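Coordinates in review
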Amino acid sequence: MPPIIAGRHKRKVRFPAANLQPPNIISTPAPAQQRQSQQKRPGNKYPSPLKPAKSGNPSNPPRMASPQEPRPGIPALFTQPPPIRDPLVTETIELQDATLEKCLDFLKGLHISQKGSFNASGVPALQRDDHIAYLYDSLEDYPEGFVAMDASRPWMVYWALAGLTLLGEDPTRFRERVLGTLRPMQNPTGGFGGGHGQISHLAGSYAAVLSLALVGGEDAFSLVDREAMWRWLGRLKQADGGFSVTEGGEEDVRGAYCAATIISLLDLPLALPHDAKKAREAGFETLTDGLAEYLSRCQSFEGGISGSPGVEAHGAYAFCALACLSMLGPPEETIPRHMNIPLLLSWLSARQYAPEGGFSGRTNKLVDGCYSHWVGGCWPLLQSALDGKPQPSGTPSTTVGNLYSREGLDRYILGCCQSPRGGLRDKPGKSPDSYHTCYVLTGLSATQHHHYRTTSSITSSEKFASAFSWHSSPVRGEDNVYDKADRLVAFHPLYVIPHQAAANMRLWCEAQPVAT
Amino acid sequence: MAESYANDPEWANITPIELDDGSESGAMPLATIAYPTEYLEATSYLRAVMAANEMSERALKLTKDVISMNPAHYTVWIYRAKILLALDKDILEELNWLNGVSLKYLKNYQIWHHRQVLISSKTHFPTMPPKEPDFLMEMFAQDSKNYHVWTYRHWLVRHFKLWDSPRELEDVEALIKADVRNNSAWNHRYMLRFGPRDDVPDAGMVNAGNADISPEEKGRLPVVDEDSVDAELKYAQEQILRAPENRSSWWYARGVLRAAGRGLGEWEEFVGRFVDGNVVKSSHAVEWLADVYGEGEKGKAVEMLTMLKEKYDPIRKNYWDYRIQQLGEVA
């Protein structure tokens, strides 16, 4: 059993300060310490973890347990460099080569730091207890070097609770502590800030609402001032249909996804509140008017989806946009109506690299474990859209099947992303953090389940019926490369919490309508 | 901050609002941070002046102090922008200071929104501050794919209508020359050439976001300047020749042809140079041919997709299988 931290016993988390670095895709903060070590240094163009490896350098001896031969059970696809290589070397290729070099020993199952037993597919076991201990630790005290996380504490709570839930732990034991932590972050004018006295932010509010859903119960649900939340969302709604993330802050696709999540989980009124000035002037009547059209404008010529119109396609925003569209209506209607599907499929599929097996967030960027969720999480939504109208029964409908390589992703996650002392990471050579731990595990869980919808929804409301009609069943088959013991809990593919947690919050809120 | 606010006469009339970490509820708060004393004190004064919506010099100084300790504190940036505009401060001086902060904290994105808020003030900046492109190139020298900087640069183009500014294209070309795989630079080039101009809402492609237009039509220009299209196609071919296995340049070319409403077929001869029997120099060329053949010669299209599936891009096997199956359904 992992250590349980209880009572008022406090201890320091064990990871060093410079390492807790979520790529700030959806989180608000950017830790101050990061990157300082990456300032220009003469003769060292790259930060050390990415410095291109030189073969035969005596100061850099190979750290392999044995010569190059991979463990049995690993296809050559996951141990050989790609078949075509351009002679022209640029920075992109240098970084890609260095990453490949770092990953190969892990993919072959040969790196000295890899723990536990390897199965017949040559894949190491999930170090479940280590990850559980890591996440429990991540809920306790941080040293002062973590001050940059001061605007992201709702996230710290969500990432740890979500990760623990995936690993089979019971998050409800944290209910009182979650309520105590989040209460001072809520503003009387609606929404949650990143901490006490900080203005409300859609990302922080999203993390807070999901954390409350995870611990569940009337006390948690009633903590949210839903009427004030609704009014605040009205003030964030922009004339182009999207949402800014704070009053006076930037507008992007995160905002759209976080807002749709909050509106649908909390059963907020759809009608625009009186003081939704910009949205009313634009002729909108509801919080969701124009939102899908805004997302449509975020599809780039590559086919992927960007953070705001006109910018480069990016995996994290692709998930936010597709999940938001899948809340706004049945994905087989909303996604083809607003996205060019062939372009989107091609771009999304190209995010998976070999031999790494993991996903990159953008064209010509490196694989990163967190995209196991942001990119991996797009697949069930797109596949469901392609499958068309759901079947009445509870059994999975006929399906286009699975359009990416589950095996590749599983190998990357279990082989490359597990940190030797617990926690999961971006890639070998990086330190773990709770952000990556949460989203790498979410990605692993998604590979282990079929996500499908039926015609019955837990909500009787028409608007979000589809969003609450998702089910999951375990993927069974000979070709799974992970062991039975490494199965994780299934998450709702839109809300990124267990299905039941989403249903409980929605149903409780439906029973207490917001007075407008 | 050497001196504390509590001992400073300038702050004597302010009652700081202490941090409420929720521990009064009796439950131990989660994910707490052992804040440095100076940070705790400064943020308690920040809460107090923000509660009073104070627009003053001392509040401005306080925001700088908090930023120096935690630049990821989004609240303090938004408050600072309000004060700067309310007190009509020298915005160029603010930009100079921001340049240093931006270079120090490369991944921070509060800074970029702050910059956008300030520069969007038409009274201060009827035209773009002339040194913006130089500073952005300095940022790109540190990280040529920095998403926040590119997002900001895209906003600059829209805001100051810089689509045809020679400097924009020069910078993009310099970055692509330095690294032909810089996809962010390719995206910027596409937006300069084929993105929506100021008579329509911003979008990644023209014809997007209008419910009456099918997503199939996204990216297709209503009026095409064929000379410009031909020049872009020539540029793309030159870049493809430098590195044939580079997705960025191939997909740029696809975007150009889509914008012009021209098919992939016109490149069949060029593309064929990269797929010569058993010698394949580019998986993107194979995919291109599959798309060209898919229009009529389905057997050959399947052959191309099978090559991708079996040899050149097998991690995407399920996707290639789906594409093969789609061909069957269409046939």
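Residues numbered from 1 in each chain as written. Chains lettered and ligands numbered in written order. Predicted model: local features only at pLDDT ≥ 70, side-chain atom pairs only at ≥ 80, totals over all residues.

Counting its secondary structure elements, chain B contains 15 helices and two strands. For chain B, whose C-alpha radius of gyration is 27 Å, the value lies well above the compact-globule estimate of 20 Å for 331 residues. In terms of its C-alpha atoms, chain B occupies a principal-axis envelope of roughly 85 × 50 × 40 Å. Counting all 331 residues of chain B, 45% fall into the buried class. When contacts within chain B are restricted to residue pairs at least 6 apart in sequence, long-range pairs at least 24 apart make up 58% of them. (Helix = DSSP H or I, 4+ residues; strand = E, 2+ residues; numbered from the N terminus. Rg over C-alpha atoms; globule rule 2.2 N^0.38 Å. Buried ≥ 20, exposed ≤ 12 C-beta atoms within 10 Å, placed from the backbone. Contact = placed C-beta atoms within 7 Å.)

A few words on the overall build of chain A. Within chain A one finds 18 helices and two strands. Taking all 516 residues of chain A together, 61% fall into the buried category. Put simply, of all contacts in chain A between residues at least 6 apart along the chain, 73% involve residues at least 24 apart.

Let us now look at the packing of helix H13 (residues 283-293) of chain B against helix H14 (residues 298-312) of chain B. Residues and elements named next belong to chain B. One can describe the packing of H13 onto H14 by two numbers: an axis separation of 7 Å at closest approach and a directional angle of 155°. One element, H13, and the other, H14, form an angle in the roughly antiparallel class. The crossing of H13 and H14 is left-handed. On H14, the residues that touch Ser283, Val286, Glu287, Leu289, Ala290 and Tyr293 of H13 are Lys300, Ala301, Met304, Leu305, Met307, Leu308 and Tyr312. Taken together, the residues of the contact of H13 with H14 break down into ten nonpolar, one polar and two charged. (Axes fitted to C-alpha atoms, helices over the stretch in contact; angles between N-to-C directions. Parallel < 35°, antiparallel > 145°, perpendicular 65-115°, else oblique. Left-handed = near helix turned anticlockwise from the far one by under 90°. Nonpolar A, V, L, I, M, F, W, Y, C, P; charged D, E, K, R; others polar.)

This part covers the nonpolar core. Residue and element names in this part refer to chain A. Counting 235 residues, the largest nonpolar core has Ala256, Ala321 and Cys324 as the members making the most contacts within it. At twelve residues, the largest contribution of residues to this core is made by helix H11 (residues 315-328). Beyond its immediate sequence surroundings of up to four residues, Ala256 is in contact with Gly242, Phe243, Leu291, Tyr294, Leu295, Cys320 and Cys324. (Core = buried A, V, L, I, M, F, W, Y, C linked by C-beta atoms within 7 Å.)

All names here are of chain A. Among the five residues of strand S1 (residues 449-453), four are classified as buried, and the element is accordingly described as predominantly covered. Relative to strand S2 (residues 470-474), S1 is paired through five bridges, and the arrangement is antiparallel. Paired with His450 across the bridge in S2 is Ser473. (Pairing = 2+ DSSP bridges.)

Here the focus is the packing of helix H9 (residues 183-194) of chain B against helix H11 (residues 247-260) of chain B. Residues and elements named next belong to chain B. Viewed as axis vectors pointing N to C, H9 and H11 meet at an angle of 15°, and their least axial separation amounts to 10 Å. On the basis of their axis angle, the class for H9 and H11 is roughly parallel. Handedness of the crossing formed by H9 with H11: right-handed. Within the contact between the two elements, H9 uses Asn183, Trp186, Tyr190 and Phe194 and H11 uses Ser248, Tyr252, Gly255 and Ala259. Per-class residue counts for the contact of H9 with H11 are five nonpolar, three polar and no charged.

Here Ala354 of chain A and Pro355 of chain A are connected by a cis peptide whose omega angle stands at 5°. Inspection of the secondary structure puts Pro355 of chain A in the loop between helix H13 (341-349) and helix H14 (371-374). The phi torsion at Val496 of chain A lies on the positive side, around 60°, for a residue other than glycine. Along the polypeptide, Val496 of chain A turns up in the loop between S2 and helix H18 (499-511). Classification of Val496 of chain A as buried rests on a count of 24 C-beta atoms within 10 Å. A positive phi angle is found at Lys161 of chain B, which is not glycine, with a value near 55°. Within the secondary structure layout, Lys161 of chain B lies in the loop between helix H7 (147-160) and helix H8 (166-178).

A few words on the interface of chain B and chain A. When the parts come together, some accessible area is lost, and that loss is often what is quoted as the size of the interface. Each partner contributes residues to the interface: chain B has 83 residues there, and chain A has 91 residues. Contributions of two or more residues to the side of chain B that touches chain A are made by helix H1 (37-51), helix H3 (74-86), H7, H9, H11, H14 and helix H15 (317-330) of chain B. Counting residues per element, the side of chain B that touches chain A draws most heavily on H9 of chain B, which supplies five residues. Looking at side-chain class alone, the side of chain B that touches chain A contains 40 nonpolar, 26 polar and 17 charged residues.

Below, the discussion takes up the confidence of the model for chain A. Per-residue pLDDT for chain A averages 89, and the proportion of residues at 70 or more is 86%. Contacts from residues 1-66 of chain A, a stretch scored under 50 in pLDDT, to residues over four places away or in other chains number 110 contacts. (pLDDT = per-residue confidence, 0-100.)

Attention now goes to the environment of Ala220 of chain A. Residue and element names in this part refer to chain A. On the secondary structure map, Ala220 appears in helix H6 (residues 218-221). Taking the C-alpha atoms as reference points, Ala220 and Arg175, separated by 45 residues in sequence, lie 7.4 Å from one another. When sequence neighbours within four positions are dropped, the list of residues in contact with Ala220 reads Arg175, Leu179, Leu212 and Val215.

The predicted model of chain B averages 95 in pLDDT, with 98% of residues at 70 or higher. For this predicted complex, the interface confidence score (ipTM) comes to 0.97, while the overall pTM stands at 0.93.

A few words now on the environment of Asn207 of chain B. Along the chain, Asn207 of chain B turns up in the loop between H9 and helix H10 (226-242). Taking the C-alpha atoms as reference points, Asn207 of chain B and Tyr322 of chain B, 115 residues apart in sequence, are found 28 Å from one another.

Glancing now at helix H7 (residues 226-236) of chain A. Residue and element names in this part refer to chain A. Extensive coverage of H7 is indicated by the burial of nine of its eleven residues. Where H7 is concerned, the buried positions are Arg226, Met229, Trp230, Arg231, Trp232, Leu233, Gly234, Arg235 and Leu236. On its buried face, H7 sits against helix H5 (202-215), helix H8 (253-265), helix H9 (277-281) and H18.

Glancing now at the environment of Tyr353 of chain A. When you line up the elements, Tyr353 of chain A lands in the loop between H13 and H14. Separated by 56 residues in sequence, Tyr353 of chain A and Leu409 of chain A have C-alpha atoms that sit 9.4 Å apart. If sequence neighbours within four positions are ignored, Tyr353 of chain A has contacts with Gly358, Ser360 and Val367 of chain A together with Ile315 of chain B.

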